Amino acid sequence: DPVKVLPQVSGMLVRRAFKEGDPVEKDKTVLFEIDKVQFEADLNKAKADVAKAEADIKNWAAQIKLAEAEFARAETSFKKGVGAQTDLDKTAANVDVARAQLDIARASKANAVASEAKAAENLRYCTILAPITGSTSPAATPNNAA
């Protein structure tokens, strides 16, 4: 029985990897290859986005430590009567801002990780494998290959 082979991503077909009548093995025999350049670039960008998000997380974790130390100094000065309430308020706000930025960085990382997984899957889809074991027919085309 004929089987339709439908690509999961769009792109330029760069190779038909079989001859008519060739035997094929399910999930092992390559039938077609779609140009991977765009999909490789998408994956590389997603990996870079993950790395940036990880760096942002480290940065904001360090910023929190600094903001907390500044707050502690401002609080000590205020309790001794030599610090202003506005300094205490500003340093407390800086701690809150740094924590919020850390949350944003963590969310960005989760988004980047998801984008990386999607990009990797799309790249994998550029190699179209035989969906069943059998042989190719003379009428095999990109939409009807096995």
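Each value, and the rule that gives it
Residues numbered from 1 in each chain as written. Predicted model: local features only at pLDDT ≥ 70, side-chain atom pairs only at ≥ 80, totals over all residues. Heavy atoms only, no water. Pairing = 2+ DSSP bridges. Helix = DSSP H or I, 4+ residues; strand = E, 2+ residues; numbered from the N terminus. Axes fitted to C-alpha atoms, helices over the stretch in contact; angles between N-to-C directions. Phe/Tyr/Trp six-rings, centres within 6.5 Å; stacked < 30°, edge-to-face > 60°. Buried < 20%, exposed > 50% of the residue type's maximum accessible area, 1.4 Å probe, protein only. Parallel < 35°, antiparallel > 145°, perpendicular 65-115°, else oblique. Left-handed = near helix turned anticlockwise from the far one by under 90°. Expected span 1.5 Å × (residues − 1). Contact = heavy atoms within 4.5 Å. Polar contact = N/O pair within 3.5 Å; in protein donor to acceptor, adjacent residues only side chain to side chain. Core = buried A, V, L, I, M, F, W, Y, C linked by side-chain atoms within 4.5 Å.

J.: An account of the sheet that holds strand 1 (residues 13-16) is needed here, citing residue identities and associated values.
T.: Ordered in space as 1-3-4, the three strands form an open sheet in which the pairing is antiparallel. Edge positions in the sheet fall to strand 1 and strand 4 (127-129), since each has one partner strand and no second. Direction aside, the axes of adjacent strands within the sheet are offset by 20 degrees on average. Pairing analysis gives three bridges linking strand 1 to strand 3 (residues 30-34), with the strands arranged antiparallel. Within strand 3, the position partnered with L13 by the bridge is I34.

J.: Describe in detail the packing of aromatic side chains, supporting the description with residues and values.
T.: The final tally for this structure, using the stated rule, is one aromatic pair. Pairing F18 with F32 gives two aromatic rings, centres 5.4 Å apart and planes at 85 degrees, and the pair type is edge-to-face. Residue F18 is located in the loop between strand 1 and strand 2 (23-24), and its partner F32 is located in strand 3; the two are separated by 14 residues in the primary sequence. On the basis of relative accessible area, F32 is assigned to the buried category, the value being 1%.

J.: Quick rundown of the packing of helix 1 (residues 37-79) against helix 2 (residues 85-124)? Include the residues and the values.
T.: The contact between helix 1 and helix 2 brings their axes to 7 Å, and the two run at 165 degrees. When the interaxial angle is binned, helix 1 and helix 2 end up roughly antiparallel. By crossing handedness, the relation of helix 1 to helix 2 is classed as left-handed.

J.: Just give me the short version of helix 2, but keep the residues and values in it.
T.: Relative to the 58 Å expected for 40 residues at 1.5 Å per residue, helix 2 spans 59 Å between its end C-alpha atoms, a close match to the ideal helical length. Packed against the buried residues of helix 2 are helix 1 and strand 4.

J.: Talk me through the side chain of T91; I want residue IDs and the actual numbers.
T.: When you line up the elements, T91 lands in helix 2. A polar side-chain atom of T91 sits 3.0 Å from the main-chain carbonyl oxygen of L88.

J.: Please give an account of the nonpolar core that cites residues and values.
T.: Counting 15 residues, the largest nonpolar core has V9, L31, F32, I34, F39, C126 and I128 as its most contacted members. Looking at this core, the elements that each hand over two or more residues are strand 3, helix 1 and helix 2. For I34, the residues in contact, after removing those within four places along its chain, are P7, V9, S10, G11, M12, L13, V14, Y125, C126 and I128. Counting residues in hydrophobic clusters, the runner-up holds five residues, among them I57, I64, A98 and L102.

J.: Tell me what's going on with the environment of W60, and back it up with residues and numbers.
T.: Assignment of secondary structure puts W60 in helix 1. Take W60: its relative accessible area is 22%, and that puts it in the partly exposed class. Sequence spacing of W60 and Q101 is 41 residues, and the spatial spacing of their C-alpha atoms is 6.4 Å. When near neighbours in sequence (up to four residues on either side) are disregarded, W60 contacts A98, Q101, L102 and A105.

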